[in-house]
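# Topology and contacts: notes
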Amino acid sequence: SQQGEEDPQALSIQEGENATMNCSYKTSINNLQWYRQNSGRGLVHLILIRSNEREKHSGRLRVTLDTSKKSSSLLITASRAADTASYFCATVPILTGGGNKLTFGTGTQLKVEL
Amino acid sequence: NAGVMQNPRHLVRRRGQEARLRCSPMKGHSHVYWYRQLPEEGLKFMVYLQKENIIDESGMPKERFSAEFPKEGPSILRIQQVVRGDSAAYFCASSPVAAGDQPQHFGDGTRLSIL
């Protein structure tokens, strides 16, 4: 089963509105990362939040992390048509045999309409 | 400043044939990860390699699948005797170090179709 699950599965908004996506996970983590995937392309790293952080900002992105609830949210403010993509959360577990193997959620498909 | 390069972008094979997927990591990156993505799903980890070593292959099927990352040249994911269920997008990612707080850099994937 997926370590992470995003909610909602699909989201359609108008340009200029804010988009909020949520992610839940199951095990203790070292960090949680958000990636964007445009159709037919690879994933692009957006932001990383460590387990001892509660909130992080990067441009129009705001990420929160609640380790007690094992959940995270990604907020995209003032959305643009170019933000249309699938968004995935990915976790890195605390205990790892090496490397930073990512466990991905199921993704949120965001559509921003003009 | 090339990113992660994967080839081919699309690969069509008939059942029973072999598929070889190549991945050249970003310059200076010695850690490579392979993931598989089925339609409408997230990526699932397959294998993690450093130069000449397989570090973690816990996500890779025990039969028909193998991976390598030789001292010289790209990383190769090989699937022998392909079946319809192997149809998916296969992504390679790289990172410069093994630290858990490093983002991964992804290629654009190889889309494998099995006839």
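Please read these numbers as outputs of a predicted model, since none were measured by experiment.

Contact with chain A, which involves 24 residues of that partner, is made by 26 residues of chain B. Approximately 1900 Å² of surface area, both sides summed, lies buried where chain A meets chain B, with 46% of it carried by carbon and sulfur atoms. On the chain A side of the contact with chain B, A:Leu43, A:Asn100 and A:Lys101 bury the most area, a combined 27% of that side's loss. Run the count over chain A and chain B and you get two salt bridges. Note that B:Asp56 is salt-bridged to A:Lys101, the shortest N-O span being 3.3 Å. The tally of links from chain A across to chain B stands at nine residue pairs in polar contact (both at pLDDT 80 or more). At the level of secondary structure, the elements contributing two or more residues to the side of chain A that touches chain B comprise strand S4 (29-37), strand S5 (43-50) and strand S9 (85-93) of chain A. Considering each element in turn, the side of chain A that touches chain B owes the most residues, five residues, to S4(A). Its residues assigned to classes, the side of chain A that touches chain B shows seven nonpolar, 14 polar and three charged.

All names here are of chain B. Take Cys-92: it is sitting in strand S9 (residues 88-95). For Cys-92, a relative accessible area of 0% gives the class buried. Separated by 75 residues in the primary sequence, Cys-92 and Gln-17 have C-alpha atoms spaced 22 Å apart. Look past the residues within four positions of Cys-92 in its chain and what remains in contact with it is Val-4, Gln-6, Cys-23, Val-32, Tyr-33, Trp-34, His-105, Phe-106 and Gly-107.

Moving on: the pairing of strand S8 (residues 75-79) of chain B. All names here are of chain B. Taken across its five residues, S8 has four buried, putting it largely inside the fold. Strand direction decides the pairing type here: strand S3 (residues 19-24) and S8, joined by five bridges, are antiparallel. Bridge assignment links Arg-20 to a residue of S8, and that residue is Arg-78. Here four bridges tie strand S7 (residues 65-68) to S8, and the two strands are oriented antiparallel to one another. Directly across from Ser-66, in S8, lies its bridge partner Arg-78. Where S7 folds back onto S8 in an antiparallel hairpin, the turn is made up of six residues, including Gly-73, whose phi is positive at roughly 100°.

Right, let's talk about the side chain of B:Gln104 for a bit. Its location among the elements puts B:Gln104 in the loop between S9 and strand S10 (105-106). Only 3.0 Å separates the side chain of B:Gln104 from the side chain of B:Tyr35, close enough to count as a polar contact. When near neighbours in sequence (up to four residues on either side) are disregarded, B:Gln104 contacts A:Gln33, A:Tyr35, A:His45, A:Asn100, A:Lys101, A:Leu102, B:Tyr33, B:Tyr35, B:Ala93 and B:Ser94.

Let's shift gears to the nonpolar core. One finds B:Trp34, B:Met46, B:Leu77 and B:Tyr90 to be the most contacted residues of the largest nonpolar core, which totals 23 residues. Listed by contribution, the elements that provide at least two residues to this core are S3, strand S4 (31-37), strand S5 (43-50), S7, S8, S9 and strand S11 (110-114) of chain B.

As a further point, take the sheet that holds S8(B). All names here are of chain B. With respect to topology, four strands assemble into an open sheet ordered S1-S3-S8-S7, the strand pairing being antiparallel. Sheet topology places strand S1 (5-7) and S7 at the edges, where each strand pairs with a single neighbour. In this sheet, adjacent strand axes meet at a mean angle of 15° when their direction is disregarded. One ladder, built from three bridges, connects S1 with S3; its direction is antiparallel. Among the inter-strand pairings, Gln-6 is bridged to a residue of S3, identified as Cys-23.

Quick look at the sheet that holds strand S3 (residues 19-24) of chain A now. Residue and element names in this part refer to chain A. Read across the sheet, five strands follow the order S1-S3-S8-S7-S6 without closing on themselves; strand pairing throughout is antiparallel. Both outer strands of the open sheet, strand S1 (5-7) and strand S6 (55-58), are each paired with one neighbouring strand and no more. With direction set aside, neighbouring strand axes in the sheet form an average angle of 20°. Across four bridges, S6 lies against strand S7 (residues 61-66) in antiparallel orientation. By the bridge assignment for S7, Glu-55 is matched with Thr-64.

Rules of the game
Residues numbered from 1 in each chain as written. Chains lettered and ligands numbered in written order. Predicted model: local features only at pLDDT ≥ 70, side-chain atom pairs only at ≥ 80, totals over all residues. Heavy atoms only, no water. Contact = heavy atoms within 4.5 Å. Buried area = accessible area lost by both parts, 1.4 Å probe. Salt bridge = Lys/Arg side-chain N within 4 Å of Asp/Glu carboxyl O. Polar contact = N/O pair within 3.5 Å; in protein donor to acceptor, adjacent residues only side chain to side chain. Helix = DSSP H or I, 4+ residues; strand = E, 2+ residues; numbered from the N terminus. Nonpolar A, V, L, I, M, F, W, Y, C, P; charged D, E, K, R; others polar. Buried < 20%, exposed > 50% of the residue type's maximum accessible area, 1.4 Å probe, protein only. Pairing = 2+ DSSP bridges. Core = buried A, V, L, I, M, F, W, Y, C linked by side-chain atoms within 4.5 Å. Axes fitted to C-alpha atoms, helices over the stretch in contact; angles between N-to-C directions.

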